[in-house]
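Structural overview for review
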Amino acid sequence: MLLALLAAVTAVTAAAAPAQAAGYRYWSFWDLTDGTWTYANQGPSIARPGDGDVQGFRFAVSENAQDAAKPRGPHDFAAICGATDARDGTKRVALVVDFGTRADATGGENPPAPRTACARVAEDATSAEALASVAEPLRYDSNALLCAIDGYPRTGCGEQVSGDAPATSGDDNAATPAADGDSGGPSAGVYAGIAAVALLAAAAVRQSRRRR
């Protein structure tokens, strides 16, 4: 029983402990599928969208694809490309470019407002080529990682951000800082969990004595 209680305490403590995972500051790439943004399964230099597709780019600090911030703003093909006529031998790709928030910015830069553009490119053009036609200059690193769109950010490329950095919430408000005197130790949830397990242990002891 003692081992079981110790295991319970360990589980409660682990569950309540604050996450310290590191994130990365980078441009994520998205496809609009049935009206919903989905993380692209190919990079923009490989993906070849079709006429009428909507794709998005978002600059943010993210730990992984599951928690990555999605592009904001209008993302309807008709609204973005409605004034661009179809032409033989070309395709139209609606692009949403979201430069992120001040909380995610590099070196104090002020991110431009999100914007949209309709790229009319050759039928076999990649997403990167479509982006280049409307949002130059683009910047890549030696591994072909997209580092900057329309020159933003000026520096950096996919750098790691420490786990104690404020997480983005999708707007310009950074995470609320800890109150003065907060040492970063165990949270109230940890103590509450341990207290609950202690009460269960006491009840188990009393029950055992009654059976004797």
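Report follows, based on the coordinates.

Regarding the side chain of Glu109
By the element assignment, Glu109 lies in the loop between strand S4 (90-98) and strand S5 (115-122). At a separation of 2.9 Å, a polar atom in the side chain of Glu109 contacts the main-chain amide nitrogen of Arg154. For Glu109, the contacting residues outside a window of four places in its chain are Tyr152, Pro153, Arg154 and Thr155.

Describing helix H3 (residues 127-135)
Listed as buried for H3 are Ser127, Ala128, Ala130, Leu131 and Ala135. Down the axis, H3 shows its buried residues gathered within 160° of arc, on one side only. Those residues of H3 that are buried are in contact with strand S1 (23-33), strand S3 (54-62), S4, S5, strand S6 (139-140) and strand S7 (146-148).

A closer look at the pairing of S4
With respect to burial, S4 is a largely interior element, 8 of its 9 residues being buried. Of the strand pairs in this sheet, S3 and S4 are connected by 5 bridges, and their pairing is parallel. Opposite Gly56, over in S4, you have Val96 as the bridge partner.

Regarding the packing of aromatic side chains
Using the criterion set out here, one finds 6 aromatic pairs in the structure. Considering the side-chain rings of Trp30 and Tyr39, the 5.1 Å spacing of their centres and the 75° angle between planes classify their relative orientation as edge-to-face. Owing to a relative accessible area of 32%, Tyr39 belongs among the partly exposed residues under this scheme. For the ring pair Phe99 and Tyr152, a centre distance of 5.8 Å and an interplane angle of 80° mean the geometry is edge-to-face. Here Phe99, found in the loop between S4 and S5, pairs with Tyr152, found in the loop between S7 and strand S8 (160-161); they are 53 residues apart in sequence, far enough to count as distant. Linked through ring pairs, Trp27, Phe59, Phe99 and Tyr152 together constitute an aromatic cluster.

Rules used throughout
Residues numbered from 1 in each chain as written. Predicted model: local features only at pLDDT ≥ 70, side-chain atom pairs only at ≥ 80, totals over all residues. Heavy atoms only, no water. Helix = DSSP H or I, 4+ residues; strand = E, 2+ residues; numbered from the N terminus. Polar contact = N/O pair within 3.5 Å; in protein donor to acceptor, adjacent residues only side chain to side chain. Contact = heavy atoms within 4.5 Å. Buried < 20%, exposed > 50% of the residue type's maximum accessible area, 1.4 Å probe, protein only. Arc of directions from axis to C-beta. Pairing = 2+ DSSP bridges. Phe/Tyr/Trp six-rings, centres within 6.5 Å; stacked < 30°, edge-to-face > 60°.

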